[in-house]
Amino acid sequence: MGTSWKSSDVTEKFNDYNDMLEDILGFQVLFDEIKESSQVHHILDYGCGPGKVAERLAGLNENYQIVAVDESKSMVDIAKNDRHKENIDYRLITNDNLSFLEDNSMDIVIICFVIINISSEERIRNVIKEIYRVLKPSGKLLILDSNPNAIGYEFSTFRNGVKGKTYKNGDKKQQFLHILNRPDLVLDDYYWTREFYMSVLEEARFSEIGTCEPTIETLTARKVEQAKQKYNVTKWGDEKGQAPFIIFKAKKTDI
Ligand SMILES: C[S@@+](CC[C@H](N)C(=O)[O-])C[C@H]1O[C@@H](n2cnc3c(N)ncnc32)[C@H](O)[C@@H]1O
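Note that this is a predicted model, so its numbers are computed, not measured.

**Student:** Residues and numbers for the overall build of the protein, please.
**Tutor:** On a plain count of helices and strands, the protein comes out with seven helices and ten strands. On C-alpha atoms alone, the protein measures out to a radius of gyration of 17 Å, which is about the 18 Å that the 2.2 N^0.38 rule sets for 255 residues. Projecting the C-alpha coordinates of the protein onto the three principal axes gives extents of approximately 45 × 40 × 35 Å. Here the protein holds 255 residues, and 37% of them are scored as buried. Put simply, of all contacts in the protein between residues at least 6 apart along the chain, 69% involve residues at least 24 apart.

**Student:** Mind laying out the sheet that holds strand 9 (residues 206-212), listing which residues take part and the relevant values?
**Tutor:** Spatial ordering of the open sheet is given by 3-2-1-4-5-10-9, a layout of seven strands whose pairing is mixed. Each edge of the sheet is formed by a strand with only one pairing partner; in this case those strands are strand 3 (88-92) and strand 9. This sheet shows a mean twist of 15° between the axes of neighbouring strands, independent of strand direction. Across the sheet, helix 2 (residues 20-36) lies against strand 4 (106-112), strand 5 (135-146), strand 9 and strand 10 (245-252), angled at about 25° from strand 10, the strand it touches most. Strands in contact with helix 5 (residues 121-134) are strand 1 (42-46), strand 4, strand 5, strand 9 and strand 10; relative to strand 5, the strand with the most contacts, it is inclined by about 145°.

Rules and cut-offs
- Residues numbered from 1 in each chain as written.
- Predicted model: local features only at pLDDT ≥ 70, side-chain atom pairs only at ≥ 80, totals over all residues.
- Helix = DSSP H or I, 4+ residues; strand = E, 2+ residues; numbered from the N terminus.
- Rg over C-alpha atoms; globule rule 2.2 N^0.38 Å.
- Buried ≥ 20, exposed ≤ 12 C-beta atoms within 10 Å, placed from the backbone.
- Contact = placed C-beta atoms within 7 Å.
- Pairing = 2+ DSSP bridges.
- Axes fitted to C-alpha atoms, helices over the stretch in contact; angles between N-to-C directions.

The following block contains the structure:
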């Protein structure tokens with residue numbers, strides 16, 4: 001069994017988690033990619049959780065029309081209550097079903113920290129195929145996940161897996177999120193290799209597949225300064241030189 005994302009205890013704790021590293025080394029990298037893409041209007045946030053990513057994205061440009069979906073009712077409830085925005089449509093989905101979205105209707109799809117929560121290869125393939133269907137030709141998919149090559153590192157806000165342990169594709173893996181003045185929120189994730197993500201994207205017929213693994217050292221000095229001020233950071237953890245996350249970028253083949 002993976003993490004109980006439908007339990008209010010888990011969703012509330014996740015909502016309280018300070019996602020500063022995810023923001024600095026993940027979401028902002030995705031947002032730069034989105035800002036660089038021309039004529040972006042319709043964006044799907046798949047597995048939006050409590051709306052922390054969608055809310056930030058919606059604030060960047062009022063012309064973005066965001067559909068943010070999740071299979072956990074308590075997550076969608078928090079998102080609707082705490083992170084309501086005119087240009088976000090939060091929706092509860094079941095069985096990975098996006099049938100309310102037309103073929104070729106989305107300019108961009110983002111999927112942040114969701115694949116690591118899916119236990120079966122087959123289900124991941126189906127989610128990616130459904131995302132391919134709803135993307136417009138030349139539309140972009142951006143996947144953000146924990147870095148499978150960063151096991152056991154002590155990042156400022158979390159630890160990914162057990163130090164020294166070797167994981168195989170599909171193995172269960174715990175993620176330890178540090179929450180201020182409370183015990184860690186321990187998530188029961190799954191370990192998927194970089195090669196597995198690549199094979200799923202290729203099989204779904206994505207093209208121009210690339211990856212990036214940002215660290216504090218790969219950011220510009222200006223971005224590091226902005227991040228320090230925004231989050232009141234005085235000292236970095238292992239994220240200084242080791243990438244906590246991996247980002248996959250892929251394009252829907254023109255038809
Ligand atoms: C770690 S949270 C990430 C939330 C958000 N994307 C973020 O980065 O803050 C993972 C979320 O993915 C959702 N999720 C997992 N598998 C899903 C699936 N197959 N379909 C829709 N949502 C899913 C969970 O309910 C949970 O809200």
